[in-house]
Each structure stands twice: as structure tokens, then as C-alpha cells.
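Notes for the structure review
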Amino acid sequence: MSIITTVEQLETLYGLPGEASVVKELDHVIPEYAAFIEASPFVALATSGPEGLDCSPRGDLAGFVRIVDPKTLMMPDRRGNNRADSLRNIIRDPRVGLLFLVPGSGTTLRINGRAHITTDAALCASFTVDSRPARSVSVIDVDTVYFQCARAIVRSELWNPERHVDPKSLPTPGKILEITSRRNIDGAAYDKE
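Residues numbered from 1 in each chain as written. Predicted model: local features only at pLDDT ≥ 70, side-chain atom pairs only at ≥ 80, totals over all residues. Heavy atoms only, no water.

For the rest of this paragraph, the subject is the overall build of the protein chain. Scanning the protein chain from terminus to terminus reveals eight helices and seven strands. Expressed as lengths along the three principal axes of its C-alpha atoms, the size of the protein chain is roughly 55 × 50 × 40 Å. In the protein chain, which comprises 193 residues, the proportion classed as buried is 31%. Across the protein chain, contacts joining residues at least 24 apart in sequence account for 61% of those joining residues at least 6 apart. When the accessible surface of the protein chain is split by element, carbon and sulfur atoms take 57% of a total near 12800 Å². If the 22 positive side-chain charges of the protein chain are averaged to one point and the 25 negative ones to another, these points end up 7 Å apart. (Helix = DSSP H or I, 4+ residues; strand = E, 2+ residues; numbered from the N terminus. Buried < 20%, exposed > 50% of the residue type's maximum accessible area, 1.4 Å probe, protein only. Contact = heavy atoms within 4.5 Å. Areas by Shrake-Rupley, 256 points an atom, 1.4 Å probe, with all protein chains shown as cover. Lys, Arg positive; Asp, Glu negative; His and termini not counted. Charge placed at Lys NZ, Arg CZ, Asp CG, Glu CD.)

Structure follows, in C-alpha cells:
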């Protein structure tokens, strides 16, 4: 097996990025990039901390990530499993990566930046959904923003309903918890809840 261990070896294999790959990267959100953020109901949030890396799903109604200005975004945190891995990481290392998906679109939008967490009551209330304010809000300072190539989504046929997996063919979260907890957690009750 041949292992690549240097950037030079990688560049020999792949070459340098073309002009289109470079000019699309900006240090702020332009209206064309804002359109993707406003249409997206889902973003993967990547963080890093002392325990390692985390990539967590975040989703809500389209446009749930608020554009404050071209250099600042805000993302609400909703009720979840309380692991708070991403939030713990942000406190210790503010670097974040976001990958926005828009159902039906092959294009994704990538944002890298730095975040901090606030529990300002008025701000959390401004993100209220179904009478529930956000538990906290991540304020993201944008360092870089650019669209990602659609090839991965096109190849995966992610939006093709004929390729969707029947959820009944997969183990449920309750079933997994029942097994990993050595039956200390009632899987059927967890799934019902």
C-alpha cells in the first residue's frame, strides 16, 4: 500500500485547483450565497475539541440559520440528547465548519468560521418555534464561504426518491440503545417517546 504523507505528493496526484475552485471562496456572504442559507433546512456542523472531532446534524424550517450581516450568522440550538458535543467543543475551540444542504439541489454551501454561544434571553426568544425558544444560539463569525461541487450529491442520488432506503429496513435508535445498554434501556419505549 502506498501512503501519501506530504502535501507535495498530494499535489502531484491531484494537481492544483483550477480558477473556478479558487475564485468562489470569499470571506463574507454575498446575496447568491445567502440564497442557499435561506433555503436550507439542514446543516452539518463540524467542530473540534480535546476529545476529538464532532459533526452534528442541525435542522429546522428553511432559513433557520439567520444571516445578521455578511460576516455573521446565528444558529439556534434546539432540544436534543443533551450530549452537547458541538457546544462543548465551541467553548474550547471556536473553529467551526458548516455544510448546508438544500433538498433538490446538488449544490452545497460550505462556511468555515469561529463561533461563540450565547443564552441572551431576547435572542433565544427570537428563535422561538412551537412556543419553544432556542436553548442557546451559536454566533458564527464567517472566515470563508463557498459552494461545493455537486458531484457527490449527484453520484449518491441523494434526492432521488427511488433510491431512498425504507426506514423499516434499518435498526431503530431504540433497538440500538437496547443493545448498547445491555437491555438497561427499553428500546420500544424509547422509540415510542
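That covers the picture; the talk isn't over yet.
All of the buried residues along helix H4 (residues 85-92) are Ser 86, Leu 87, Asn 89 and Ile 90. Take H4 and look down its axis: the buried residues cluster within an arc of 160°, on one side only. Summarising the contacts, the buried residues of H4 are in contact with strand E1 (42-49), strand E2 (52-59), strand E4 (72-77), strand E5 (95-101), strand E6 (108-118) and strand E7 (136-148). (Arc of directions from axis to C-beta.)

A word on the pattern of salt bridges. A complete count under the given rule lists eight salt bridges for this structure. The residue Arg 58 makes a salt bridge to Asp 77 at a minimum N-O spacing of 3.6 Å. Of the two residues, Arg 58 sits in strand E2 while Asp 77 sits in strand E4, which places them 19 residues apart along the sequence. Considered together, Arg 58 and Asp 77 belong to a single accessibility category, that of buried residues. The closest approach of N and O atoms between Arg 83 and Asp 85, which form a salt bridge, is 2.8 Å. Given a relative accessible area of 26%, Asp 85 falls into the partly exposed group. (Salt bridge = Lys/Arg side-chain N within 4 Å of Asp/Glu carboxyl O.)

Looking now at a nonpolar patch on the surface. A cluster of nonpolar residues, Ile 4, Leu 10, Leu 13 and Tyr 14, forms a patch on the protein surface that exposes about 440 Å² of accessible area. Within the secondary structure, Tyr 14 sits in helix H1 (residues 7-14). (Patch = residues over 30% accessible without salt bridge, like charges linked within 9 Å, V, L, I, M, F, W, Y side chains within 5 Å.)

Grouped together as the largest cluster of nonpolar side chains are 21 residues, with contacts concentrated most on Ile 37, Val 65, Leu 73, Met 75, Leu 98, Phe 100 and Ile 111. If you list the elements that add at least two residues to this core, you get helix H3 (31-39), E1, E4, E5, E6 and E7. By residue number, the principal contributor to this core is E7, which donates four residues. Among residues more than four places away in sequence, those in contact with Leu 73 are Val 29, Ile 37, Val 65, Arg 66, Ile 67, Ile 111, Ser 138, Val 139, Ile 140 and Val 142. Counting seven residues, the second-largest nonpolar core is a separate cluster that includes Met 74, Leu 123, Cys 124 and Ala 134. (Core = buried A, V, L, I, M, F, W, Y, C linked by side-chain atoms within 4.5 Å.)

This part takes up the side chain of Thr 72. Its location among the elements puts Thr 72 in strand E4. Taking relative accessible area as the criterion, Thr 72 reaches 13% and is therefore assigned buried.

Geometric descriptors of this kind do not, in isolation, establish any biological role.
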